[in-house]
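Chain and residue survey
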Amino acid sequence: MSTLTSPAPDATAAPLSIGPHTVAPPVVLAPMAGITNAPFRTLCREFSGGKGLFVSEMITTRALVERNEKTMQLIHFDATETPRSIQLYGVDPVTVGKAVRMIAEEDLADHIDLNFGCPVPKVTRKGGGSALPYKRNLLRAIVREAVTGAGDLPVTMKMRKGIDDDHLTYLDAGRIAVEEGVTAIALHGRTTAQHYGGTADWEAIARLKEHVPEIPVLGNGDIWSAEDALRMVRETGCDGVVVGRGCLGRPWLFADLVAAFEGRTDAFVRPTLREVADVMVRHATLLGEWIGDEARGVIDFRKHVAWYLKGFAVGSEMRKRLAITSSLEALRAGLDELDLDQPWPAGADGPRGRTSGNNRVVLPDGWLKDPYDCAGVGEDAELDTSGG
């Protein structure tokens with residue numbers, strides 16, 4: 001792929017230690033439902049040269065313990081993936097403990113991340129995701145069970161600032177994490193109420209870093225380019241970055257991130273549309289191989305089309321056509337009709353994915369009455385399926 005010379009970086013970060021694993025540079029792919037499956041992780045890892053940490057999409061602890069067929073597929077790792085990183089969602093300490101012990105005893109992964117950051121209603125209405133840290137005792141119980149059950153496997157956690165500006169939880173949650181043996185914390189600088197709207201609060205990341213100097217703190221939110229990642233480290237003092245929506249339709253962002261943190265000034269990827277088209281076909285191919293059905297793989301790929309084509313001169317009718325293809329042949333044929341010599345568009349490094357806010361937070365009845373009482377939250381609050 002073509003590259004563009006960029007200024008030398010003015011911020012660096014030391015390698016990140018996640019238990020026995022060294023992540024250098026300290027760059028992590030955020031778990032994203034329906035996105036960070038094995039094929040997408042493969043693409044990101046290839047562009048990074050194998051550097052960084054690439055986390056699975058969310059795995060529900062109940063579904064894992066029950067060996068749900070879809071869940072067992074989602075925890076499949078390519079032979080070249082190391083360390084193997086699983087993100088778990090759960091609201092019941094007993095079930096979380098069972099799932100973690102299963103992972104450790106059956107050697108299903110090398111690293112476990114706990115999801116306390118998901119803002120979607122079907123998760124928060126159960127008291128999970130970003131709603132859960134409000135219940136301090138429940139949070140502590142889940143983290144304690146996870147760390148105890150993990151044995152030698154490192155446990156990290158990802159969270160948001162809180163439910164809303166009146167119910168911030170991240171500093172208390174950070175202290176609980178340290179006290180219970182969590183290896184590192186990632187903070188998305190938004191509340192549940194913000195969803196993905198507004199601007200991420202990087203100052204909160206800096207405050208968390210000051211509050212829990214004992215363990216690494218990773219920053220997440222509004223990293224759209226390698227320059228943004230360096231700026232976050234410089235402005236917050238965080239120990240690494242977690243990148244989510246910025247890499248949608250742009251897995252080569254991880255090549256940029258590695259180059260930036262390594263101080264290389266001539267390796268930022270700026271692909272032509274021809275090069276993007278080749279990645280699109282490869283992505284769809286990998287999905288078909290992973291699912292075991294070409295048509296289903298191409299159908300699953302459809303949601304990525306608009307992200308890959310962002311900024312390029314592609315007519316609306318062709319965009320619609322590419323977004324309803326169901327075979328690799330049709331996808332390739334449609335792409336070949338485009339002006340594939342188009343250079344990387346100006347401004348295409350900006351925001352992508354969901355950016356609108358949603359101020360309605362769906363919580364269990366009475367959830368905000370007491371930040372410590374967690375009565376009524378149990379195994380029945382677990383989700384049945386994985387993937388968000």
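Definitions and limits used
- Residues numbered from 1 in each chain as written.
- Predicted model: local features only at pLDDT ≥ 70, side-chain atom pairs only at ≥ 80, totals over all residues.
- Heavy atoms only, no water.
- Helix = DSSP H or I, 4+ residues; strand = E, 2+ residues; numbered from the N terminus.
- Expected span 1.5 Å × (residues − 1).
- Buried < 20%, exposed > 50% of the residue type's maximum accessible area, 1.4 Å probe, protein only.
- Contact = heavy atoms within 4.5 Å.
- Pairing = 2+ DSSP bridges.
- Axes fitted to C-alpha atoms, helices over the stretch in contact; angles between N-to-C directions.
- pLDDT = per-residue confidence, 0-100.
- Arc of directions from axis to C-beta.
- Polar contact = N/O pair within 3.5 Å; in protein donor to acceptor, adjacent residues only side chain to side chain.
- Core = buried A, V, L, I, M, F, W, Y, C linked by side-chain atoms within 4.5 Å.
- Parallel < 35°, antiparallel > 145°, perpendicular 65-115°, else oblique.
- Left-handed = near helix turned anticlockwise from the far one by under 90°.
- Nonpolar A, V, L, I, M, F, W, Y, C, P; charged D, E, K, R; others polar.
- Phe/Tyr/Trp six-rings, centres within 6.5 Å; stacked < 30°, edge-to-face > 60°.
- Lys NZ or Arg CZ within 6 Å of the ring centre and 35° of its normal.

Attention now goes to helix α6 (residues 136-150). Three or four residues apart is the spacing at which side chains of an α-helix point the same way, because the helix has 3.6 residues per turn. In a regular helix each residue adds 1.5 Å, so 15 residues correspond to 21 Å; α6 covers 21 Å between its end C-alpha atoms and thus fits that length. Among the residues of α6, R136, L138, L139, I142, V143, A146, G149 and A150 are the ones counted as buried. At its buried positions, α6 is contacted by α4 (93-105), β7 (111-116), β8 (155-160) and α7 (170-179). Of the residues trailing α6, G151 is marked for its positive phi of about 65°.

Now for the sheet that holds β8. One closed barrel accounts for eight strands, arranged β4-β5-β6-β7-β8-β9-β10-β11; its pairing is parallel. Across the sheet, the axes of successive neighbouring strands diverge by a mean angle of 25°, strand direction being ignored. The sheet contact formed by β7 and β8 spans five bridges and is parallel. Its bridge partner lying in β8, N115 is registered against K158. Together, β7 and β8 form the strand contacts of α6, whose direction differs from that of β7 by roughly 170°.

Take the environment of G162 next. Within the element layout of this structure, G162 appears in the loop between β8 and α7. The spatial distance from the C-alpha of G162 to the C-alpha of T325 is 40 Å, given a sequence separation of 163 residues.

Below, the discussion takes up the confidence of the model for the chain. Overall, the prediction assigns the chain a mean pLDDT of 92, with 92% of residues at 70 or greater. Taken as a whole, residues 4-10 scores under 50 in pLDDT and shows 15 contacts with residues more than four places along the chain or in a different chain.

Let us look at helix α12 (residues 294-301). Within the span of α12, buried status applies to G297, V298 and F301. For α12, the buried positions fall inside an angular range of 95° around the axis, keeping them on one side. Contacts made by the buried residues of α12 are with α11 (273-291), α13 (305-309) and α15 (328-336). For α12, the N-terminal cap is D293; the gap from its side-chain oxygen to the backbone nitrogen of A295 is 3.1 Å.

So, on to the nonpolar core. Grouped burial of nonpolar side chains is what soluble globular proteins tend to show. L88 and M157 are the most contacted members of the largest nonpolar core, which totals 109 residues. Ranked by the residues each element gives to this core, the list is headed by α11, at 10 residues. Non-local contacts of L88, meaning those with residues more than four positions away in its chain, are made with I59, T61, L64, A99, V100, I103, I112, D113, L114 and N115. Counting 11 residues, the second largest nonpolar core, distinct from the first, contains I18, L53, L218 and V242.

Each neighbour pair has its own omega, and for A24 with P25 the value is -5°, a cis peptide bond. One can find P25 in the loop between β3 (21-23) and β4 (27-29). Its identity is not glycine, yet H195 carries a phi of approximately 50°, on the positive side. When you line up the elements, H195 lands in the loop between β9 (184-188) and α8 (202-211).

What follows is about the pairing of strand β11 (residues 240-243). Every second residue of β11 is oriented toward a common face, with G240 and V242 on one face and V241 and V243 on the other, all of them buried. Alignment of β4 against β11, held across three bridges, turns out to be parallel. In the sheet register, L29 faces β11, and the bridge partner there is V243. Bridge count between strand β10 (residues 217-220) and β11: three bridges; the pairing is parallel. Bridge pairing in β11 links L218 to G240.

With that settled, consider the packing of α6 against α7. Closest axis-to-axis distance for the α6/α7 pair is 10 Å, and the angle between their directions is 30°. As summarised for this structure, α6 and α7 are arranged roughly parallel, according to the angle between their axes. When the axes of α6 and α7 are compared, the crossing they make is right-handed. Residues R136, L139 and R140 of α6 lie in contact with α7, whose contacting residues are D172, A173, I176 and E179. Class assignment for the residues of the contact of α6 with α7 results in three nonpolar, no polar and four charged.

Another point: the packing of aromatic side chains. Applying the stated criterion to the full structure yields six aromatic pairs. Arranged with centres 5.8 Å apart and planes meeting at 80°, the rings of F312 and W344 form a pair that is edge-to-face. With a gap of 32 residues between them, F312 in the loop between α13 and α14 (316-322) and W344 in the segment after α15 connect regions that are remote in the sequence. For F312, a relative accessible area of 4% translates into the label buried. By relative accessible area, which is 13% here, W344 ends up buried. What links up through ring pairs into an aromatic cluster is the set F47, W252, F301, Y308, F312 and W344. Note that K135 overlies the ring of W367, its terminal NZ or CZ placed 5.0 Å from the centroid. Above the plane of the ring of Y196 lies R160, whose end atom (NZ or CZ) is 5.0 Å from the centre.

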